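Residue-level structure breakdown
These are the residues of each chain, in order.
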Amino acid sequence: MTQARERLVQWLRDAHAMEEQAETMLKGHLDRVKHYPQFEARVREHLQETKNQAEIVRGCLESLGEDPSSFKDAGSKLLAKGQAISGMFADDEIMNWALASHAFENLEVASYTVLVATAEAAGEAEIVVACRKILAQEEAMAAWVKDNLPTLTLAYLGRDASDLPASR
């Protein structure tokens, strides 16, 4: 097995675990964005994209005769649940979510950028195509979150000043 292929398998397993974590996080955020319909709609849309991305990554691993790491997947889900629980105690929870979401989306962009280059080095053209597809979705979500941070901030501040439940 070539070094590039070994790393490709390792990093695809990491990506699968990352998508499992993202799915758990997005599900946990749905209640928190219900007062922000534009954000709720985009979170629901990206949740579906995330589920599809996990399946695409699983398919990439299977095409290499490999499986996702159940240990990494479980650890990532547990981490996401811990993050969701810790956020419940902040009165500006929606803003913390927005910041964390922007950071996480950029982590995914970086991860899929690395996977594209690694798949190219390993000569895995189909995996290159699959990872580029996911990369485009992650770039779009990262840009969407960034572009909508001012809107969310103003909506949050308005709800906060009106004594409406700002985050829940």
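Our structure is the block above this text.
Presented here is a report on the structure given in the accompanying data block. As a convention, each chain's residues are numbered from 1 in the sequence order in which they are written. Where local features are concerned, this predicted model is filtered to residues with pLDDT of at least 70; where side-chain atom pairs are given and counted, the filter is 80 or more; whole-chain, interface and lining totals use all residues. With hydrogens and water stripped out, all remaining heavy atoms of the structure feed into the side-chain values.

**Some thoughts on the packing of helix α1 (residues 3-29) against helix α5 (residues 125-161)**
A fitted line through C-alpha atoms represents every axis, and for helices the fit uses only the stretch in contact; the resulting angles, taken between N-to-C directions, go from 0 to 180 degrees. The helix count covers DSSP runs of H or I at least four residues long, the strand count covers runs of E at least two residues long, and both are numbered beginning at the N terminus. Where α1 contacts α5, the axes come no closer than 14 Å and their chain directions differ by 35 degrees. Our pair here, α1 against α5, has a crossing hand that is left-handed. Across from L8, L12 and E19 in α1, the residues of α5 making contact are I127, C131, I134 and E138. Throughout, the ten residues Ala, Val, Leu, Ile, Met, Phe, Trp, Tyr, Cys and Pro are labelled nonpolar, Asp, Glu, Lys and Arg are labelled charged, and all others, Gly among them, are labelled polar. Of the residues in the contact of α1 with α5, the class split is 5 nonpolar, no polar and 2 charged. It is the rotation of the near helix from the far one that decides the hand of a crossing: anticlockwise by less than a right angle makes it left-handed, clockwise makes it right-handed. Residue contacts are defined here by distance: any two heavy atoms, one from each residue, within 4.5 Å place the two residues in contact.

**Here's the deal with the environment of A41**
Its place among the elements puts A41 in helix α2 (residues 37-63). Burial classification: accessible surface area is computed with a 1.4 Å probe over protein chains only, and a residue below 20% of its type maximum counts as buried, one above 50% as exposed, and the rest as partly exposed. What makes A41 partly exposed here is its relative accessible area of 46%. On a C-alpha basis, the gap between A41 and L30 in space is 9.2 Å, while along the polypeptide they are 11 residues apart.

**Remarks on the packing of helix α4 (residues 93-122) against α5**
Orientation of α4 relative to α5, taken along the N-to-C sense of each, is 160 degrees, at an axis distance of 8 Å. Compared by their axis directions, α4 and α5 come out roughly antiparallel. The two elements α4 and α5 cross, and the hand of that crossing is left-handed. Partitioned by chemical class, the residues of the contact of α4 with α5 number 20 nonpolar, 5 polar and 7 charged. If an angle is under 35 degrees, it is roughly parallel; if it is over 145, roughly antiparallel; if it lies from 65 to 115, roughly perpendicular; otherwise it is oblique.

**A look at the nonpolar core**
Residues enter a nonpolar core if they are buried and are Ala, Val, Leu, Ile, Met, Phe, Trp, Tyr or Cys, with the set joined through side-chain atoms within 4.5 Å. Grouped together as the largest cluster of nonpolar side chains are 24 residues, with contacts concentrated most on L8, L12, V57, Y112, L115, I127 and C131. Breaking this core down by element, the ones donating at least two residues are α1, α2, α4 and α5. Apart from the residues lying within four places of it in its own chain, the contact partners of L8 are L64, L115, T118, A119, A122, E124 and I127. W97, A98, V145 and Y156 belong to the second-largest nonpolar core, a separate cluster that totals 17 residues.

**A word on the side chain of E108**
If you trace the backbone, E108 turns up in helix α4. Discounting chain neighbours no more than four positions away, the residues touching E108 are M18, E19, A22, H46 and E138.

**Let's talk about the environment of N148**
Among the secondary structure elements, N148 is positioned in helix α5. Discounting chain neighbours no more than four positions away, the residues touching N148 are Q38 and F39. Each polar contact in these results corresponds to two N or O atoms within 3.5 Å; when the atoms are within protein, one needs to be able to donate a hydrogen and the other to accept it, and residues that are neighboring in sequence are counted only if both atoms are side-chain atoms. At 2.8 Å, the side chain of N148 and the side chain of Q38 are in polar contact.

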